[in-house]
Amino acid sequence: MSTGDLMLLSCPSTGATARASSTLNRNSKLYGPNNALETTNASSCWNSDAAPSEGDSSISYGVYFGRTVEVREIRIQFQGGFVGEECIVSGGSRQGLNVTWNELDVPVDPEDSNHLQEFDLTEAASEQRKCDAVKIDFESSTDFYGRVTIYRFEVWGREILK
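The rules behind the values
Residues numbered from 1 in each chain as written. Predicted model: local features only at pLDDT ≥ 70, side-chain atom pairs only at ≥ 80, totals over all residues. Heavy atoms only, no water. Buried < 20%, exposed > 50% of the residue type's maximum accessible area, 1.4 Å probe, protein only. Helix = DSSP H or I, 4+ residues; strand = E, 2+ residues; numbered from the N terminus. Pairing = 2+ DSSP bridges. Salt bridge = Lys/Arg side-chain N within 4 Å of Asp/Glu carboxyl O. Contact = heavy atoms within 4.5 Å. Patch = residues over 30% accessible without salt bridge, like charges linked within 9 Å, V, L, I, M, F, W, Y side chains within 5 Å. Areas by Shrake-Rupley, 256 points an atom, 1.4 Å probe, with all protein chains shown as cover. Lys, Arg positive; Asp, Glu negative; His and termini not counted. Charge placed at Lys NZ, Arg CZ, Asp CG, Glu CD. Core = buried A, V, L, I, M, F, W, Y, C linked by side-chain atoms within 4.5 Å.

Participant: Looking at this structure, I do not really get the pairing of strand β5 (residues 59-78). What am I missing?
Facilitator: Walk down a regular strand and you will see the side chains alternate between the two sheet faces. Counting buried residues along β5, 18 of its 20 residues qualify, which places the element largely inside the surrounding structure. Here strand β3 (residues 17-20) runs beside β5; their pairing, made up of four bridges, is antiparallel. The residue of β5 that forms the bridge with Ala20 is Tyr61. In this structure, β5 lies alongside strand β9 (residues 130-141), joined through eight bridges in antiparallel fashion. Looking at the pairing, Gly62 lines up with Lys135 of β9. As paired strands, β5 and strand β8 (residues 116-120) are joined by five bridges and run antiparallel to one another. Along β8, the bridge assignment pairs Arg75 with Glu118.

Rendered as structure tokens:
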């Protein structure tokens, strides 16, 4: 799937997988992070558990591409009332089993809405956007308990040929 010179990088059929800091009731089948990558089922979603009350209270959601890509845009459809706020986007480079994360200095400020929202990442330097993974940390949520629900999480960009 592509739009102009952009292609959908987060499609499971290309090997992309998702991971998250938590899943509601640890029920990965119903609420697991890979559900938000599913483009054919509009009702599948990732649902975080409540944010921890102590220590690091952020909730994170990451997509691992299995190849090097250049990310240009993120599209997210939240459930209204369960929208992540105070977002930090990072690109990751895999080194063996570890991923080194580098924050992309781009504004991502979602609205409390059910609509698919687009966030341009091209303000960050091109070298910063070349990565094997991308993650977003939500420092807070519109939900009283700090939960985040994502129905669609799409990463658009281009593949880097080696």
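Participant: Honestly, the pattern of salt bridges in this entry has me stumped. Any pointers?
Facilitator: Opposite charge on two side chains permits them to pair, given that their charged atoms come into close proximity. Summed over all chains, the structure comprises eleven salt bridges. Between Arg152 and Glu154 there is a salt bridge; the shortest N-O distance is 2.3 Å. Residues joined in a network through salt bridges with shared partners are Asp5, Glu70, Arg72, Arg129 and Arg158.

Participant: Quick question: what am I supposed to make of the environment of Cys131 here?
Facilitator: Structurally, Cys131 is set in strand β9. In this structure, the C-alpha to C-alpha distance between Cys131 and Glu159, residues 28 residues apart in sequence, is 9.9 Å. Once you skip the residues sitting within four places of it in the chain, Cys131 turns out to touch Phe65, Arg67, Thr68, Val69, Val71, Gly91 and Gly92.

Participant: Please explain a negative patch on the surface as it appears in this structure.
Facilitator: Where like charges cluster on the molecular surface, the negative patch consists of Glu103, Asp105, Asp120 and Glu123. Here Asp105 is to be found in the loop between β7 (98-104) and β8.

Participant: Please clarify how the nonpolar core should be interpreted in this entry.
Facilitator: For soluble globular proteins, nonpolar side chains are generally found buried alongside one another. If you look at the biggest cluster of nonpolar residues, it comprises 32 residues, and the most contacted ones within it are Tyr61, Phe138 and Phe153. Counting residues per element, the ones that place at least two in this core are β5, β6 (84-95), β9 and β10 (149-159). No other element matches the nine residues that β5 contributes to this core. Sequence-distant contacts of Tyr61, that is, excluding residues within four places in its chain, are made with Ala18, Arg19, Ala20, Pro33, Ala36, Leu37, Trp46, Val134, Lys135, Ile136, Phe138 and Phe153.

On their own, these measurements won't tell you what the molecule is for.
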